[in-house]
Each structure stands twice: as structure tokens, then as C-alpha cells.
Amino acid sequence: LFRSNLKKEYGAFEIQPDLNKKFVYFPLHVQPECTTSPEGGVFVDQILTLETISAAIPKDWIIYVKEHPIQWIRFGTDYSDDRYQGYYKKIASISKVRLAPANTNSYELIRNSQVVVTVSGSAALESVFLRKPAVIFGYPWFQHCPGILKADGTESCRAALEKIVSGLKIDQQEIINYLKSFEEAS
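Read on for an overview of the structure. (Residues numbered from 1 in each chain as written. Predicted model: local features only at pLDDT ≥ 70, side-chain atom pairs only at ≥ 80, totals over all residues. Heavy atoms only, no water.)

## Considerations on the packing of aromatic side chains
Tallying each qualifying case throughout the model produces 10 aromatic pairs. Arranged with centres 5.5 Å apart and planes meeting at 75°, the rings of Tyr 10 and Trp 72 form a pair that is edge-to-face. One end of the pair, Tyr 10, is in helix H1 (residues 6-13); the other, Trp 72, is in helix H3 (residues 69-75), with 62 residues separating them in the sequence. With centroids separated by 4.7 Å and ring planes inclined at 50°, the aromatic side chains of Phe 43 and Phe 137 adopt a geometry described as tilted. Linking Phe 43 in the loop between strand E1 (22-27) and helix H2 (46-56) with Phe 137 in the loop between strand E5 (134-136) and strand E6 (148-150), this pair joins segments that are 94 residues apart in sequence. Each member of the pair Phe 43 and Phe 137 is classed as buried. An aromatic cluster of at least three residues, connected via ring pairs, comprises Tyr 10, Trp 72, Tyr 84, Tyr 87 and Tyr 88. If you follow Lys 150 out to its NZ or CZ, it ends over the ring of Tyr 139, 4.0 Å from the centre. (Phe/Tyr/Trp six-rings, centres within 6.5 Å; stacked < 30°, edge-to-face > 60°. Helix = DSSP H or I, 4+ residues; strand = E, 2+ residues; numbered from the N terminus. Buried < 20%, exposed > 50% of the residue type's maximum accessible area, 1.4 Å probe, protein only. Lys NZ or Arg CZ within 6 Å of the ring centre and 35° of its normal.)

## Notes on helix H7 (residues 154-165)
For an α-helix, the turn length of 3.6 residues means that residues three or four places apart are oriented alike. For H7, which comprises 12 residues, the first-to-last C-alpha distance of 16 Å matches the rise-based estimate of 16 Å (1.5 Å per residue) to within 8%. Those residues of H7 that sit buried are Cys 157, Ala 160, Leu 161 and Ile 164. In an axial view of H7, the angular spread of the buried residues amounts to 95°, which keeps them on one side of the axis. Turned more than 90 degrees from where H7 packs its buried face, Glu 155 and Lys 163 sit exposed. Looking at the packing, one finds that the buried side of H7 touches H2, strand E2 (61-66), strand E4 (115-118), E5 and E6. Two residues or fewer after H7 comes Gly 167, characterised by a positive phi angle close to 110°. (Expected span 1.5 Å × (residues − 1). Arc of directions from axis to C-beta. Contact = heavy atoms within 4.5 Å.)

## Quick word on the sheet that holds E5
What the 6 strands build is an open sheet, ordered E3-E2-E1-E4-E5-E6; its pairing is parallel. A single partner strand is all that each edge strand has here, and the edge strands are strand E3 (97-99) and E6. On average, adjacent strands in this sheet sit at an angle of 30° to one another, irrespective of strand direction. The pairing of E1 with E2 spans 6 bridges and is parallel. Of the residues in E2, the one forming a bridge with Pro 27 is Lys 66. (Pairing = 2+ DSSP bridges. Axes fitted to C-alpha atoms, helices over the stretch in contact; angles between N-to-C directions.)

Structure (C-alpha cells):
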């Protein structure tokens, strides 16, 4: 008996990323999870986040989206309120968005991207550790880390991306200082 599921739907839309293109890497968050609710605010809706990013990026950029593999392990491949039937189809229909295979190496995507954008996930922190800037829409504990820019809509996302295009550099010592200060304060 053929049964539709999330992995099959995702697979119907995934394409191998072209790492030579200019792109934003957007790793989907596991849901439900605190990184989107409550830390993401209205951006708990990752489709809204992707529509916002799509409207803000330069014309010659694309967005590679990758599902978090834990999503299917923790919650299974049946449709749910967080990953409903048509969810990936809706994502794939957003202008400039492409679904990368779920087994694509995240660090390869981070290293080759122009920027990592996330609601409030740890991929933003991983990105700055690799000296790649990140944009966040939510309120994670590391939101003030050097190299992480904040967005709350299309215009602020566009402004953050313009800083990155203009040559925003990440100073490794500033990140070390931030983490040391965080450690001492906590």
C-alpha cells in the first residue's frame, strides 16, 4: 500500500545545491521546539520567514533550505500540524527557494553560503564560529554575538544583508571575548 509521507514529499522537491551560486543557507528548525516557539515570535512560521528572506535578498541570490534530519526521527514522517501535507511544496513555491537534500552536509552549506539565516537556531552560532555572518529573526541566548545581525521583517533583513554584501568581517577575538563574558556572567 502506497502511503504519502513527509520524506517522500520533500524528496519530490529537493535539488542538488550549486555551491558556485550566491546563496543564503536556511536550515529548517525542528518543530515543535523552543527555537521557534517561543524564541521565534511570529517567525515560528518558517514559511513566513522564508517569504521575508526571499523578498530581501539580492536578485542574483537564491535560498537553500534543508530539513533538519531529527524532524523525521523524533516525530516520524507522518504529516502533523508543524509539517502538514503540502508544507514542502509551499516552501518550494517561494521565489528563489530551493530544497537541498536532507543529507547535504550543513557545514559545507555554511562555508559556501554568503550568509546563514535562521529564526533562532544554533546554525547561526555555528556560522559565526566558521567566520561566516548570520541573520536571526528570533531571540536566542546568543543574539548579541559578534557577526550575528538581527532582522524583524523585510527591510531589516535587507539592511543586514547589505552590511554583509558590503564586506562585514567577523573578528574571531570578538567572538572569544563574547563567549568569555557570557561564561563569566552566567
